[in-house]
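Residue strings, one per chain:
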Amino acid sequence: MSKFLVETYYTCSFKIVHELDELNEKQLSSIDNRKDGKVEIIDVTVNNRKTKRSDGKSGDKKSDLIDVKIAHSSQNNKNKKIEGEISKKVSKENINYKSKLNEKRFQMPDRRKGYIQKATIGDHKIYLHTGEYNDGKIGEIFIDTNKEGELVKALTNNFAIAISLGLQYGVPLEEFVDAFLDTKFEPSGKVFGNDRILSATSILDYIFRELAVSYLGREDLAHTPGINNTSVSTGNNKEDQFLKIVKNITSKGFVRSNYEEKLVDLSDVRINLKSKN
């Protein structure tokens, strides 16, 4: 016959997984009453442990209490050790994550190139502003509209900020183009004011179609043929150097990478500046 009774109190963390055919408010409101959930235990810890004699004798209570406290103390030490290791790991991962973020973000130059494209879809005027890095890659966009309320304007501005942050953290422009191309909502239809984009299914479709044509060379997304960018190798170092200078000071999106076709030859033009004195 046992002489001692030991009561151990546990704390258990678990989760219940439900499978839903549809995700809606009705299904979520009745999820607590369902009996088909799968229970998965996450963690079990010992909170307290008590002991007493089962034969009614007092015995040596001091020794019994000492045994229980030692066992409980060892469990606490073990839990604290595990918690310490977890906290160190989490803090280390946070530091590494922050350092990675700081390394990944490419800040825009204070004085930057870019262009502004005005277009009209329906009765809505849209102004697309772009900002570029020194090498011509796009790093930010701004979107202005005219016939929109404060809510829509705020959402549009913050959407542009989110896209800009993504570009500065290294998200390729191709990903945004694939995500927002052919999105459909009003205003939509004919586009006026853009020589390459003649129609769009939404404002987002127009914006990323324009960016794809200007910065990615996606001629398949344009509705009019572009100027063929045929580069002829002349072997002239002066011309190559001149073209390099032009690329450094010209917006890649504005000329749509057709530097040679957009150049104006001013080599034979002489300007006489006469002083008034």
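Here, the structure is the one placed above.
What counts and what doesn't
Residues numbered from 1 in each chain as written. Predicted model: local features only at pLDDT ≥ 70, side-chain atom pairs only at ≥ 80, totals over all residues. Heavy atoms only, no water. Pairing = 2+ DSSP bridges. Helix = DSSP H or I, 4+ residues; strand = E, 2+ residues; numbered from the N terminus. Contact = heavy atoms within 4.5 Å. Axes fitted to C-alpha atoms, helices over the stretch in contact; angles between N-to-C directions. Patch = residues over 30% accessible without salt bridge, like charges linked within 9 Å, V, L, I, M, F, W, Y side chains within 5 Å. Areas by Shrake-Rupley, 256 points an atom, 1.4 Å probe, with all protein chains shown as cover. Salt bridge = Lys/Arg side-chain N within 4 Å of Asp/Glu carboxyl O. Buried < 20%, exposed > 50% of the residue type's maximum accessible area, 1.4 Å probe, protein only. Polar contact = N/O pair within 3.5 Å; in protein donor to acceptor, adjacent residues only side chain to side chain. Core = buried A, V, L, I, M, F, W, Y, C linked by side-chain atoms within 4.5 Å. Phe/Tyr/Trp six-rings, centres within 6.5 Å; stacked < 30°, edge-to-face > 60°.

*Asks:* For the sheet that holds strand β7 (residues 199-200), give the residues involved together with the corresponding values.
*Replies:* Strands sit in the order β5-β4-β3-β6-β7 across an open sheet of five strands; the sheet is antiparallel. One side of each edge strand has no neighbouring strand; the edge strands of this open sheet are β5 (138-145) and β7. Taken together, the seven bridges between strand β4 (residues 124-132) and β5 define a ladder with antiparallel strand orientation. Pairing of E132 across the sheet is with I138, part of β5. Across the sheet, helix α5 (residues 203-215) touches β3 (116-121), β4, β5, β6 (189-192) and β7, and the angle it forms with β4 is around 40°.

*Asks:* Give me the lowdown on a nonpolar patch on the surface, citing residues and values where you can.
*Replies:* Taken together, Y10, F14, I16, V39, I41 and V44 make up a surface patch of nonpolar side chains, about 630 Å² in accessible area. Listed by contribution, the elements that provide at least two residues to the nonpolar patch are β1 (4-17) and β2 (38-53). Examined against the element boundaries, V39 turns out to sit in strand β2. In this structure V39 comes out as exposed when scored by relative accessible area, which is 55%.

*Asks:* Tell me about the pattern of salt bridges, and name the residues and values.
*Replies:* All told, the structure shown has seven salt bridges when counted by the stated rule. Of the charged contacts, one joins R209 and D182 as a salt bridge, the two residues approaching to 3.2 Å between their closest N and O atoms. Within this pair, whereas R209 is found in helix α5, its partner D182 is found in the loop between α4 (173-180) and β6, the two being separated by 27 residues in sequence. A residue is classified by how much of its surface remains accessible, and R209, at 10% relative accessible area, is buried. Look at the salt bridges and you will find they share partners, linking D182, D205 and R209 into a network.

*Asks:* Tell me about unusual backbone geometry, residues and numbers included.
*Replies:* At the junction of E186 and P187, the peptide bond is cis and its omega measures out at 0° in the coordinates. By secondary structure assignment, the location of P187 is in the loop between α4 and β6. Positive phi values are uncommon outside glycine, yet D182 reaches one of about 70°.

*Asks:* I'd love a proper account of the side chain of N194, names of residues and values included.
*Replies:* When you line up the elements, N194 lands in the loop between β6 and β7. The class for N194 is buried, based on a relative accessible area of 4%. A polar contact of 3.2 Å, which involves the side chain of N194, links it to the backbone nitrogen of I197. Polar contacts involving the side chain of N194 include one to the side chain of Y206, which spans 3.3 Å.

*Asks:* Help me get a handle on the nonpolar core, residues and values and all.
*Replies:* Counting 30 residues, the largest nonpolar core has I141, Y206, I207, F208 and L211 as its most contacted members. For this core, the secondary-structure elements that each account for two or more residues are β3, β4, β5, α3 (150-168), α4 and α5. What I141 contacts, discounting residues up to four positions off in sequence, is L128, H129, T130, A160, I163, S164 and L211.

*Asks:* Tell me about the pairing of β6, residues and numbers included.
*Replies:* Note that β3 and β6 share two bridges and pair antiparallel. Along β6, the bridge assignment pairs T120 with F192. Bridge count for β6 against β7 is two bridges, and the pairing is antiparallel. Paired with K190 across the bridge in β7 is S199. Counting the residues between successive antiparallel strands, the hairpin from β6 to β7 contains six residues, one of them, G193, with a positive phi of roughly 105°.

*Asks:* Which residues make up the environment of K118, and what values do they have?
*Replies:* Position of K118 among the secondary structure elements: in strand β3. Under the relative-accessibility criterion, K118 is labelled partly exposed at 41%. Discounting chain neighbours no more than four positions away, the residues touching K118 are K125, I126, Y127, F192 and G193.

*Asks:* Go over the packing of aromatic side chains, please, and point to the residues and values.
*Replies:* Applying the stated criterion across every chain yields a total of four aromatic pairs. With 5.3 Å between their ring centres and 90° between their planes, F159 and F180 make a pair best called edge-to-face. Placement of the pair is F159 in helix α3 and F180 in helix α4, with a sequence separation of 21 residues. Between F159 and F208, the ring centres sit 6.3 Å apart and the planes meet at 85°, which makes this aromatic pair edge-to-face. Pair noted here: F159 is in helix α3 and F208 is in helix α5, with a separation of 49 residues, a long-range link. Owing to a relative accessible area of 0%, F208 belongs among the buried residues under this scheme. The structure contains a cluster of three or more aromatic residues connected by ring pairs, namely F159, F180 and F208.

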